[in-house]
Every structure is written in structure tokens, then in C-alpha cells.
Amino acid sequence: AIDDYDQAIRLDPKHVLAINNRGIAYATQGDYDRAITDYDAAIRIDPSNASVFNNRGLAYANKHAPDPAIQDYSQAIKLNASYREAYNNRGLAWTEKREFDRAVQDFDRAIQLDPTNPELPINRGLANARKTDYDSAIRDYTKALKLDPKNGRALYARGLAFFYRRDFAHAITDYTDAIKLDPGF
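Rules and cut-offs
The residue numbering used here restarts from 1 in each chain and proceeds along that chain's sequence as written. Reporting in this predicted model follows two pLDDT cut-offs: at least 70 for local features of residues, and 80 or more for side-chain atom pairs to be given and counted; totals over whole chains, interfaces and linings ignore these cut-offs and use all residues. Water and hydrogen atoms were dropped before computing side-chain values, which therefore reflect all heavy atoms in the structure. In this analysis, axes come from line fits to C-alpha atoms, helices being fitted only over the stretch in contact, and the angle between any two N-to-C directions falls in the range 0 to 180 degrees. To qualify as a helix, a DSSP run of H or I must reach at least 4 residues; to qualify as a strand, a run of E must reach at least 2; elements of each kind are numbered from the N terminus. Here roughly perpendicular refers to angles of 65 to 115 degrees, roughly parallel to angles under 35, roughly antiparallel to angles over 145, and oblique to all remaining angles. Whether a crossing is left-handed or right-handed is set by the direction in which the near helix is turned from the far one by less than a right angle, anticlockwise for left-handed and clockwise for right-handed. Contacts are residue-level and defined by heavy atoms, with any inter-residue pair within 4.5 Å sufficient. Classes in brief: Ala, Val, Leu, Ile, Met, Phe, Trp, Tyr, Cys and Pro nonpolar; Asp, Glu, Lys and Arg charged; the others, Gly included, polar. Two rings belonging to Phe, Tyr or Trp (six-membered ring only in the last case) form a pair when the distance between their centres is within 6.5 Å. Interplanar angles under 30 degrees mark stacking, angles over 60 mark edge-to-face geometry, and anything in between is tilted. Each residue is assigned to one of three classes by its accessible area relative to the maximum for its type, calculated with a 1.4 Å probe on protein chains only: buried under 20%, partly exposed between the two thresholds, exposed over 50%. Helix span, expected: 1.5 Å multiplied by one less than the number of residues in the helix. Any Lys or Arg side-chain nitrogen located within 4 Å of an Asp or Glu carboxyl oxygen qualifies as a salt bridge.

**A few points about the packing of helix α8 (residues 119-130) against helix α10 (residues 152-164)**
Axis angle and axis distance: for two packed helices, these are the angle between their axes and the distance between the axes, and together they describe the pair.
Thinking step 1. Across the interface, α8 lies against α10 with an axial gap of 10 Å and an inter-helix angle of 20 degrees. It follows that α8 is roughly parallel to α10 by the angle criterion. Note on packing geometry: the crossing formed by α8 with α10 is left-handed. The segment α8 lies against α10, with Glu119, Ile122, Asn123 and Leu126 engaging Arg153, Ala154 and Ala157.
Thinking step 2. Taken together, the residues of the contact of α8 with α10 break down into four nonpolar, one polar and two charged.

This is how it looks when you write it as C-alpha cells:
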């Protein structure tokens, strides 16, 4: 794929989609520095492309650099206030920085934009659990399970929240159900 994008970029050096997609290909290979270089080039050509900012944020996040990731997600949101993925990604970056209230706010907005995606309340639940708000975390995981009753990740996470709340009976039930869905848990 990278060779194809190289060829497209040689034919049109300002082809933002090809540059962005080559960045995605580099990121998929774990070459985040080259991905960021491509995203930088795409942004110089089209600074109004929210998707490129989000993608560069993901590359920074994968390099465990939450501050520039947050800057990029924020710019993506500024360009597109309905960009659910950017809110979710920024929430994950805030979580990495241990700024859990800010993370929860971003996950709240992502859930408003995409209320049927079970991964979003799971992510909010993880932030709530990290700030030891286990009751809220349990509500989040339960919401995710209403959206996807066979979500082993939500079951396991809810079991962990029950465990930390010292509700061992519910924790064992959730762990057991998670293991039935995926013995890897």
C-alpha cells in the first residue's frame, strides 16, 4: 500500500488523501515518526482537515505523547464539533494523563454523538474506575452491556469494579460470564 501511495504522491504532491493514507499505513506498521511526518505535510496543504489532525493525534498517542495528541484532537474538534472519534481519543489521552474528569467529559460528548457504540461507555467506565468512582463505572459498563450483552471486556471491567467495591458475588458472576465468552479473560 505504501508503494501505491508513494506513486500517487509523486503524480500529485498535494494529494492530501494519499499523504494522509500513507501516514495511516506507516502508523499501522508502527512507524509513528514517518506517519507524523506525512500528517504534518497533509496539514500544511489542508489545515482544515479534521481527520488528519485526529490521525496525527493517534500517532502521538501511540508514542505515549498525550500532550501533542490532545492538541491535535482539540484541533480536530474545533474543525468538526461532531467528531465523535476525536472526543473519544482525547478522552483516552486525558485518561493517560490521569485527568479523569476531563476524560469523562469527552466520553460524555462522544456518547451523545454515538449513543449506540458500546466502546464509549466502556472507556468512560475505565476513567471513572481510575478515579475510584466505582458506582459510575458499574453504570457505564452496564450501559455497554445493554448495547452489547456479549461484550466480554465490559463484563470483565464491571467485575473488576464490583471487586474494588468489595461486592465479590457480583464480581465473580461477571468474571465467570466473561470467561464463558472468552476463556482468555
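There is more to say after this.
**As for the packing of aromatic side chains**
The way to describe two aromatic rings as a pair is by their centre distance and the angle between their planes.
Thinking step 1. Inspection of the entire model under this criterion finds four aromatic pairs.
Thinking step 2. Pairing tyrosine 156 with tyrosine 175 gives two aromatic rings, centres 5.7 Å apart and planes at 40 degrees, and the pair type is tilted. Of this pair, tyrosine 156 sits in helix α10 while tyrosine 175 sits in helix α11 (residues 168-181), and the two are 19 residues apart along the sequence.
Thinking step 3. Tyrosine 175 gets classed as partly exposed once you look at its relative accessible area, which sits at 22%.
Thinking step 4. Summarising the aromatic geometry, the rings of phenylalanine 163 and tyrosine 164 are spaced 5.6 Å apart at their centres and angled 75 degrees between planes, so their arrangement reads as edge-to-face.
Thinking step 5. Relative accessible area serves as the criterion here: at 38%, phenylalanine 163 is assigned to the partly exposed category.
Thinking step 6. One aromatic cluster is present, formed by Tyr134, Phe163, Tyr164 and Phe168 through successive ring pairs.

**Digging into helix α7 (residues 100-113)**
Thinking step 1. In this model α7 runs 20 Å from its N-terminal to its C-terminal C-alpha over 14 residues, within 8% of the 20 Å that 1.5 Å per residue would give.
Thinking step 2. Buried residues along α7 sit in contact with α6 (84-96), α8 and α9 (134-147).

**Describing the pattern of salt bridges**
Thinking step 1. Under the defined criterion, the tally for this structure stands at 18 salt bridges.
Thinking step 2. A salt bridge links aspartate 101 to lysine 131; its shortest N-O distance comes to 2.6 Å. Here aspartate 101, found in helix α7, pairs with lysine 131, found in the loop between α8 and α9; they are 30 residues apart in sequence, far enough to count as distant.
Thinking step 3. Note that arginine 165 is salt-bridged to aspartate 135, the shortest N-O span being 2.7 Å. One end of the pair, arginine 165, is in the loop between α10 and α11; the other, aspartate 135, is in helix α9, and 30 residues separate them in sequence.

**Description of the environment of asparagine 62**
Thinking step 1. Looking at where asparagine 62 falls in the secondary structure, it is placed in helix α4 (residues 50-62).
Thinking step 2. The class for asparagine 62 is partly exposed, based on a relative accessible area of 42%.
Thinking step 3. Note: C-alpha distance between asparagine 62 and aspartate 31 (31 residues apart in sequence) is 9.9 Å.

**Comments concerning the environment of tyrosine 87**
Thinking step 1. The topology assignment puts tyrosine 87 in helix α6.
Thinking step 2. Overall, tyrosine 87 belongs to the buried group, its relative accessible area being 10%.
Thinking step 3. Each C-alpha atom, one on tyrosine 87 and one on tyrosine 141, is 19 Å from the other, the two residues being 54 residues apart in sequence.
Thinking step 4. Leaving out residues up to four positions away in the same chain, tyrosine 87 has contacts with Ile77, Ala81, Asp106, Arg109, Ala110 and Leu113.

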